[in-house]
Amino acid sequence: MTAINEVGDLTIEGDVGVLTLNSPPVNALSAPVRTAINDGIKAAIDNPAVKAIVLICDGKTFIAGADITEFGKAPSGPSLFDAQAMIENAPKPVIAAIHGTALGGGLEVALTCHYRVAVPSAKCGLPEVNLGLLPGAGGTQRLPRIVGAQKAVEMVTVGTHVGAKACKEMGLVDELVEEGKLREGAIAFANKIVAEKRPLKKVRDLNDKVEADRGHPEIFANFRKANARKFRGFLAPEYNIQCIEAAVNLPFDDGIKVEQKLFRELVTGTQSAAQRHVFFAERQVWKLPDVPADTPTIPVARVGVIGAGTMGGGISMNFLNAGIPVTIVETKQEALDRGIATIRKNYENTAKKGRLTQDDVEKRMALLTGTLALEDLADSDLVIEAVFENMEIKKDIFGKLDRIVKQGAILATNTSALNIDEIATAVKRPEAVIGLHFFSPANVMRLLEVVRADKTSKPVIATSMQIAKKIGKIAALVGVCPGFVGNRILAQRQREAQKLILEGAMPWDVDRVLYDFGFPMGPFAMSDLAGLDIGWSKEKSTGSTIREVLCEMDRRGQKTGSGFYDYDENRNAKPSPVVEKIILDFAAKQGINRRTISDQEILERCVYPMINEGAKILEEGKAIRASDIDIVWINGYGWPVYRGGPMFYGDTVGLDKVLAKMKEFQAQMGDDFKPSALLEKLVAEGKKFQSL
Ligand code: 3H9
């Protein structure tokens, strides 16, 4: 064995030189890895005993891509292109041996090899689009030469990880080898190539597929049209498509030039910076400074859910999906039956769409037990209360749980508003109490706010994070404060949206600005969707807000055909003259002199106070990191990923600009805009949230 450098070594096995890379955690293409490939392949070429070369990786995966942490830093060592050229131009066959994932630059390296073998569990893909990028090492030019333009655009714009069997069918992988025997299988394959004198197949020279697609621009036009909604606002999908178009229409080297130019534009732009930030933020959010990874956890074999309404039902489904039995409790048989029927109906609908078999539906339903007796939760390891938002009711339930549920179990509340420290006073074991704030629909939304109360124990926190991962959520640990992190920040935006429509804007102006910013919908369209009458009752209505007036007029949102907007039979929204008049009357009554409000002011008024509130949350220690707040807003409230979350967006705009605007608004409109001490401090020190 010859060590090439600290991450690569070359072993000669008969006629085959095996170059092994070992750079944990994912063999990303850092400078040492590129050096190992470049120098290792060269050493194998120069060694007369070697007739074929296998490129293989140690650890859990083949190369998972470029080293994302290197972007934006000065390059060192051989470039990826140098290393790829060394492989592709080798006078001896080079075979990539793939396990785990060959992603991005990893697959691009494999595509410069003359052959590829993989174990059945391996996956290949070009997921750069999810980092706001495109494959910048020839991937957009080589992939369509194997799979054709249609499959290539799908793969690069979605970033799917394709299983080895499908890769074999597409021709991306030449041979599957036995699971667990990659090294032996790859060496046997290499010997076979040599014995059969197979050619040095260069993907760059395969032109049949791209030539067949030439003169068919409809492939791209149809794809763009079909995905317009999904790609809205993102630069990378369109740039990826343009690269595949170049592969179809231009010679290889010219296609590479297009790829290079567009890659450079993306990698230096703010969208990719934001998406890379989110990639790391999604991994950071699980790391808790004072709850280390080796904190003991509580085995969760059975879950109890109190309340079979929309929330309780959705929460239960998460556990059933993960194979964990659930006992769901209601106070009345009718409500219990209705809740269970809704869960079944949801599953049946998924089955109708072909995403679940009938067998799966039955298996999940078999894990669900309904009961009217709280006593049936005695054996649960985790109980989640999801009843009406009322402190007295919740305290009463927790008091009962304290007497019923076995010691050591977790007692969680799904409250989105109430003080969990106070709920915890109802039990003799406050260390067992935690908030698990699911977002509606709870079986769909990825976000879970794990709310740590004053006395919550570390094992309870660690278990909650672990179980969140198991049910496929992304969990952020937050502290107790009104609205926790997500809704507390939302309140800022809602307040400004309401003020703006009295001061001069219309709901559709505010919604358009926020939609154009990248939200799936604006606050008024959102209210119409949710129903304006949530928390409203005819008896208690005072008619003192626009929302109340709309409810009194039976304009309760989409479900009644009108709310802030008028809706046609297909639920398309139209600005409403009736609402316009109500708003004008309201403003007149309050003596407000309406003025023209610019789109920029709408955006700054809605978004900057959110950033400022995020800073207050950090100051108070209610979120661990600025990037955790970004995770909450991206996964719970539709903040556009390509803007990286509110805190990252603040950094992108420049905190000095945000602060100056907040001060200007404060001078004009008062203390709703009072800058947080942390924002002031960061600006004074020339720092960003990311530096915290
Ligand atoms: C690219 O290739 C561009 C080229 O086309 C052009 C170049 C010119 N770099 O996810 P995990 C870290 S763009 C640096 O928890 P898993 C990650 O942060 C790249 N670090 O493990 C984490 O660190 P920590 C295209 C990376 O088993 C640790 O590895 N490739 C990279 O759940 C473990 O990660 C991609 O987009 C990286 N490329 O999943 C693939 N990747 O422990 C990105 C990971 O400190 N990666 N880390 O928190 C993935 O999708 C997953 O990591 C993978 C493993 C599926 C591989």
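Quick caveat, the model's predicted, so the values are computed rather than measured. Sequence order sets the numbering: in each chain, residues are counted from 1 along the sequence as written. Selection of residues for local features in this predicted model requires a pLDDT of at least 70, selection of side-chain atom pairs for listing and counting requires 80 or more, and totals for whole chains, interfaces and linings are taken over all residues. Note that water and hydrogens are dropped before the side-chain values are worked out from all heavy atoms of the structure.

A few points about the UniProt feature "domain: 3-hydroxyacyl-CoA dehydrogenase NAD binding" (unreviewed entry) in the protein
UniProt positions are given in the numbering used here, feature names are shortened, and annotations may be inferred rather than shown by experiment. Here, the residues flagged by UniProt with the feature "domain: 3-hydroxyacyl-CoA dehydrogenase NAD binding" (unreviewed entry) are residues 303-478. Between the C-alpha atoms that bound residues 303-478 there is a distance of 22 Å. The span itself is 41% helix and 21% strand. Under the scheme used here, helices are H or I runs from DSSP no shorter than 4 residues and strands are E runs no shorter than 2 residues, and both carry numbers assigned from the N terminus.

Let's talk about the packing of aromatic side chains
Each pair of aromatic rings taken from Phe, Tyr and Trp, with Trp reduced to its six-membered ring, is defined by centres within 6.5 Å and is described as stacked if the planes are under 30 degrees apart, edge-to-face if over 60, and tilted in the remaining cases. Applying the stated criterion across every chain yields a total of 18 aromatic pairs. Here the aromatic rings of Tyr 115 and Phe 189 are separated by 5.8 Å at their centres, their planes lie at 65 degrees, and the arrangement is edge-to-face. A residue pair is termed long-range when its members are at least 10 positions apart, and Tyr 115 in strand E7 (residues 115-118) and Phe 189 in helix H6 (residues 182-195) qualify at 74 residues. Side by side, Tyr 115 and Phe 189 carry an identical accessibility label, which is buried. An aromatic cluster is built from Phe 439, Phe 517, Phe 519, Trp 633, Tyr 637, Trp 639 and Tyr 649, whose rings are joined through pairwise contacts. Its guanidinium or amino end placed over the ring of Trp 286, Lys 469 lies 4.6 Å from that ring's centre, counting from NZ or CZ. Each residue gets one of three labels from its accessible area relative to the maximum for its type: buried under 20%, exposed over 50%, partly exposed in between, using a 1.4 Å probe on protein chains only. Charge-over-ring contacts are defined here by two conditions on Lys NZ or Arg CZ: a distance within 6 Å of the ring centre and an angle within 35 degrees of the ring normal.

Here we look at the nonpolar core
In this structure, Phe 319, Phe 438, Val 510 and Phe 689 are the most contacted members of the largest nonpolar core, which totals 140 residues. The criterion used for residue contact is that any of the two residues' heavy atoms lie within 4.5 Å. Not counting residues up to four positions away in its chain, the partners in contact with Phe 689 are Ile 611, Ala 615, Leu 618, Ala 626, Met 647, Asp 651, Leu 655, Leu 678, Leu 679 and Leu 682. One finds Ile 45, Leu 55, Cys 57 and Ala 83 within the second-largest nonpolar core, a separate group that totals 75 residues. In this description, a nonpolar core means a group of buried Ala, Val, Leu, Ile, Met, Phe, Trp, Tyr and Cys residues linked to one another through side-chain atoms lying within 4.5 Å.

Remarks on the sheet that holds strand E8 (residues 123-125)
For two strands to be treated as a pair, DSSP must find at least two bridges joining them. In spatial order, the strands read E6-E8-E9; together these three strands make up an open sheet with mixed pairing. Strands with a single pairing partner mark the edges of an open sheet, and in this sheet they are strand E6 (101-103) and strand E9 (162-163). As paired elements, E8 and E9 share two bridges and run antiparallel to each other. Paired with Cys 124 across the bridge in E9 is Val 162.

Examining the pairing of strand E18 (residues 474-479)
In terms of burial, E18 is a largely internal element, six of the six residues being buried. What you see with E18 is no split at all: Ile 474, Ala 476 and Val 478 on one side and Ala 475, Leu 477 and Gly 479 on the other are buried throughout. Relative to E18, strand E17 (residues 447-452) runs parallel, the two sharing six bridges. Its bridge partner being in E18, Val 451 is matched across the sheet by Val 478. For crossovers, right-handed means that the path from the first strand over the helix to the second runs clockwise, given strands pointing away from the viewer. The parallel pair E17 and E18 is bridged by helix H17 (residues 458-470), and the resulting crossover is right-handed.

Quick look at the sheet that holds strand E14 (residues 382-385)
Across the sheet, eight strands lie side by side as E13-E12-E11-E14-E15-E16-E17-E18; this open sheet has mixed pairing. Each edge of the open sheet carries a strand with a single partner, namely strand E13 (368-371) and E18. Each strand of the sheet is rotated relative to its neighbour by a mean of 25 degrees, with strand direction disregarded. Inter-axis angles, ranging from 0 to 180 degrees, are taken between N-to-C directions of lines fitted to C-alpha atoms, where helices are fitted over the stretch in contact. This element, helix H24 (residues 626-637), spans E17 and E18 of the sheet and lies at about 135 degrees to E17.

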